[in-house]
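In case you want the letters, here they are:
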Amino acid sequence: MATAHVAYETETGRILSIHRFQGDPGDPQTIRRAAAYFTDVAEDGITVVSVQADELDPKRHYRVDVGRNALIDVPDGEGGVRFDVREIRPPT
């Protein structure tokens, strides 16, 4: 089963990146470090929320509920980000 880790800006909930792992749950510290490297947010200002990749519907939009540290789906037209992480392939 694949896990998807969504790195987001702790203060605003802005989604910075998504990381997918097959089997291995991934290390939140490494995920924060990678998100900080590729964005303008310091590592200590990044939080990671993890979900099962097959729970994400590629037709839905999601955003982070900062208060609950949870990824929630939002109605069309209200912003959010779409993810298509159902198909995870091992590196070749």
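Everything numeric here is computed off the predicted structure, so don't read it as measured data. (Residues numbered from 1 in each chain as written. Predicted model: local features only at pLDDT ≥ 70, side-chain atom pairs only at ≥ 80, totals over all residues. Heavy atoms only, no water.)

**Q** Give a description of the side chain of Ser17 that names residues and reports values.
**A** The residue Ser17 is located in strand β2 (residues 15-22) in this model. The class for Ser17 is buried, based on a relative accessible area of 19%. At 2.9 Å, the side chain of Ser17 forms a polar contact with the side chain of His19. (Helix = DSSP H or I, 4+ residues; strand = E, 2+ residues; numbered from the N terminus. Buried < 20%, exposed > 50% of the residue type's maximum accessible area, 1.4 Å probe, protein only. Polar contact = N/O pair within 3.5 Å; in protein donor to acceptor, adjacent residues only side chain to side chain.)

**Q** Explain the pattern of salt bridges to me, and be specific about the residues and the numbers.
**A** A full pass over the atoms with the stated rule returns five salt bridges. Residue Arg14 is joined to Glu9 by a salt bridge in which the shortest nitrogen-to-oxygen separation is 3.1 Å. Classification of Glu9 by relative accessible area gives buried; the value is 18%. Across the pair Asp65 and Arg68 runs a salt bridge, and its minimum N-O distance is 3.6 Å. Judged by its relative accessible area of 19%, Asp65 is buried. What makes Arg68 exposed here is its relative accessible area of 56%. Taken together, the shared-partner salt bridges connect Glu9, Arg14 and Asp40 into one network. (Salt bridge = Lys/Arg side-chain N within 4 Å of Asp/Glu carboxyl O.)

**Q** An account of unusual backbone geometry is requested, with residue identities and associated values reported.
**A** Phi at Asn69 takes a positive value of approximately 50°, unusual for a residue other than glycine. Mapped onto the secondary structure, Asn69 falls in the loop between β4 (61-65) and β5 (70-74). On the basis of relative accessible area, Asn69 is assigned to the partly exposed category, the value being 33%.

**Q** Can you lay out the confidence of the model for the protein chain for me, pointing to particular residues and giving the numbers?
**A** Within the protein chain, residue pLDDT values average 82, and 84% of them lie at 70 or more. Taken together, the stretch residues 88-92 has pLDDT below 50 and engages in three contacts with residues farther than four places along the chain or on a different chain. (pLDDT = per-residue confidence, 0-100. Contact = heavy atoms within 4.5 Å.)

**Q** Got a sec to walk through the packing of aromatic side chains? Specific residues and values, please.
**A** Each pair of aromatic rings is reported with the distance of its centres and the angle of its planes. Under the defined criterion, the tally for this structure stands at one aromatic pair. Geometrically, the ring pair formed by Tyr37 and Phe38 is edge-to-face, given 4.8 Å between the ring centres and 85° between the ring planes. With respect to burial, Tyr37 and Phe38 carry one shared label: exposed. (Phe/Tyr/Trp six-rings, centres within 6.5 Å; stacked < 30°, edge-to-face > 60°.)

**Q** Can you break down the pairing of β5 residue by residue, with the values?
**A** Most of β5 sits out of view: four of its five residues are buried. In this antiparallel pair of consecutive strands, β4 and β5, the connection spans four residues, and Asn69 shows a positive phi of 50°. (Pairing = 2+ DSSP bridges.)

**Q** Hey, could you go over helix α1 (residues 28-38) for me, with residue numbers and the actual values?
**A** Along α1, the positions that sit buried rather than exposed are Ile31, Ala35 and Ala36. Seen along its axis, α1 keeps its buried residues to an arc of 135°; they face one direction. (Arc of directions from axis to C-beta.)

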